[in-house]
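# Coordinate inspection notes
The lines below spell out each chain.
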Amino acid sequence: MLWQRVVTALILFGAFVGTLSVQAIWPFAALTLVLIGAAGWEWSRLCGREGAIQWVIGVAAVLLGGALAQFMGVEGLGHGLFPTQVTVPHVHSIGHALVGFSVSPQIWWGALLIWVCGGAWALKFGQTSWRTLPVSLRQVMGVALLAVAWLAMAEGRGHGVNFLLSMLFLVWAADVGAYFGGRAFGRRKLAPSISPGKSWEGVWSGFATVVLVALIWIWVDQSLSVDSPSMYSHLLQGLGPIGMAVALMFLTCMSVVGDLFESLIKRQAGVKDSSQLLPGHGGVLDRIDALLPVLPIEMALMSLCHG
């Protein structure tokens, strides 16, 4: 119902803005880690396991995310979920505050490799092979993908609200652009057996929207007082205009892969939504599916911009 969608959206928006409005990073990290746990609970359901094992998988995703933060030291959290004092300078141009990132880039590049290879396998063979994989392997895979995506988001928050929002808005811009572009121009189906509504024209429309958002955001970084350079400014500074365009195209494609991957899993499970945890909006996984590959890949690209 419409009122359920509105109320749920307002609650989520309020919680999101509330945790971002404080200087301490741990409230946002804790909130999103709870959501990752809920997504782990849903993942277990999509793998055909219900009851106590769902809670085990959800808790496992939370514990793995916390353990990764503990041992790798997320920017602004120190080691673990305990806040450290971080002062982020106001930035007036993209040349300022281009600093390094605390988590080792190897984990991001490992995630990139897994998503590119595993995503290609899943989209090509997943319809016949996904359910043949051992359930335990699928469960472990879900826990790892969720925990690493959360780690990337927490690391992004550690480098500033502007930087984090630019990471998230790429996926949202690609999704909105693909939706309207696909409805207006969609002719060639992208993956009709997995998600009949997606088209190649939608992908290109999504990419065009992402480029437009990037250009606007870079102008904002240069013209206004922001707490940190955006991801787009980092890409432009580190890779140049052509390199940035290639990176944005790659990220747009990977957001589609994340969306299609979850659609494939839901189709195999015979369900429309990952759950009804978010009344009127389906499940948490339905809202973050495209973020799962994009967040760690964005952080991998950041390592190219900082040597």
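If you're wondering where the values come from, they're calculated on a predicted model, not measured in any experiment.

Rules used in this analysis
Residues numbered from 1 in each chain as written. Predicted model: local features only at pLDDT ≥ 70, side-chain atom pairs only at ≥ 80, totals over all residues. Heavy atoms only, no water. Helix = DSSP H or I, 4+ residues; strand = E, 2+ residues; numbered from the N terminus. Buried < 20%, exposed > 50% of the residue type's maximum accessible area, 1.4 Å probe, protein only. Contact = heavy atoms within 4.5 Å. Areas by Shrake-Rupley, 256 points an atom, 1.4 Å probe, with all protein chains shown as cover. Expected span 1.5 Å × (residues − 1). Bend = angle between axes of the 7 residues up to and from the residue. Axes fitted to C-alpha atoms, helices over the stretch in contact; angles between N-to-C directions. Parallel < 35°, antiparallel > 145°, perpendicular 65-115°, else oblique. Left-handed = near helix turned anticlockwise from the far one by under 90°. Patch = residues over 30% accessible without salt bridge, like charges linked within 9 Å, V, L, I, M, F, W, Y side chains within 5 Å. Salt bridge = Lys/Arg side-chain N within 4 Å of Asp/Glu carboxyl O. 1 Å grid on protein atoms, 1.4 Å probe; cavity = no way out; pocket = protein on both sides within 12 Å on 5 of 7 lines; lining within 4 Å. Points joined across faces, edges and corners; volume = space filled by probe spheres on them. Nonpolar A, V, L, I, M, F, W, Y, C, P; charged D, E, K, R; others polar. Phe/Tyr/Trp six-rings, centres within 6.5 Å; stacked < 30°, edge-to-face > 60°.

### As for the overall build of the chain
Across its full length, the chain holds ten helices and two strands. The helix and strand sequence of the chain, counted from the amino end, reads α-α-α-α-α-α-β-β-α-α-α-α. Across the 307 residues in the chain, those meeting the buried criterion constitute 50%. For the chain, the share of sequence-separated contacts (at least 6 apart) that also reach a separation of at least 24 residues comes to 77%. Only carbon and sulfur atoms are counted for the fraction: they give 70% of the accessible area of the chain, which is about 14100 Å².

### Looking at the side chain of Asn 162
Among the structural elements, Asn 162 can be located in helix α6 (residues 161–185). When residues no more than four places from it in sequence are discounted, the contact partners of Asn 162 are Trp 217, Asp 221, Val 226, Asp 227, Ser 228, Pro 229 and Ser 230.

### Structural notes on helix α4 (residues 105–129)
Counted at 1.5 Å a residue, the expected span for α4 with its 25 residues is 36 Å, but the 31 Å between its end C-alpha atoms falls short. Helix geometry: α4 is bent most strongly at Leu 123, by close to 55 degrees. Within α4, the full set of buried residues consists of Ile 107, Trp 108, Ala 111, Leu 112, Trp 115, Gly 119, Ala 122 and Gly 126. Where the residues of α4 are buried, they touch α3 (52–72), α5 (135–158), α8 (231–269) and α10 (291–305).

### Observations regarding the packing of α4 against α8
Axis separation between α4 and α8 bottoms out at 10 Å; the angle between their running directions is 45 degrees. When the axes of α4 and α8 are compared, the pair comes out oblique. Crossing of α4 over α8 shows left-handed handedness. Seen from α4, the contacting residues are Leu 112, Trp 115, Val 116, Gly 119, Ala 122, Leu 123, Gly 126 and Gln 127; seen from α8, they are Phe 250, Met 254, Val 257, Gly 258, Leu 260, Phe 261, Leu 264 and Gln 268.

### What to know about the environment of Leu 291
Topologically, Leu 291 is positioned in helix α10. When its relative accessible area of 8% is taken as the criterion, Leu 291 is described as buried. Sequence-wise, Leu 291 and Met 167 are 124 residues apart; in three dimensions their C-alpha atoms are separated by 9.1 Å. If sequence neighbours within four positions are ignored, Leu 291 has contacts with Leu 168, Val 171 and Pro 296.

### Concerning a nonpolar patch on the surface
Where nonpolar side chains cluster on the molecular surface, the patch consists of Trp 3, Val 7 and Ile 11 and spans about 330 Å² of accessible area. Looking at the element boundaries, Trp 3 is found in helix α1 (residues 2–20).

### Some remarks on the environment of Gln 139
With respect to the element layout, Gln 139 can be found in helix α5. In this structure Gln 139 comes out as buried when scored by relative accessible area, which is 6%. Linking Gln 139 and Ala 60, residues 79 residues apart in sequence, is a C-alpha distance of 9.9 Å. Each residue touching Gln 139, except ones within four places of it in the same chain, is listed here: Trp 43, Ser 44, Cys 47, Arg 49, Ile 53 and Ile 57.

### Quick word on empty space enclosed by the protein
One pass over the structure, following the stated rule, counts one cavity of 30 Å³ or more. Looking at the largest cavity, the residues that line it are Trp 43, Leu 46, Trp 115, Gly 258, Phe 261, Glu 262, Ile 265, Leu 285, Asp 289 and Leu 292. Among the elements of the structure, α2 (26–46) and α8 are those that each provide at least two residues to the lining of the largest cavity. For the lining of the largest cavity, the element with the most residues is α8, which contributes four residues. Of the residues belonging to the lining of the largest cavity, the class tally is seven nonpolar, one polar and two charged.

### With respect to the packing of aromatic side chains
For any two aromatic rings, the description comes down to two numbers: the centre-to-centre distance and the angle of the planes. Throughout the structure, instances matching the rule amount to eleven aromatic pairs. Ring plane angle 85 degrees and centroid distance 5.5 Å describe the contact between Trp 130 and Phe 261, whose orientation is recorded as edge-to-face. Of the two residues, Trp 130 is situated in the loop between α4 and α5 and Phe 261 in helix α8; the sequence distance between them amounts to 131 residues. For Trp 130, a relative accessible area of 2% corresponds to the buried category.

Spatial relationships are all this shows, so hold off on functional conclusions.
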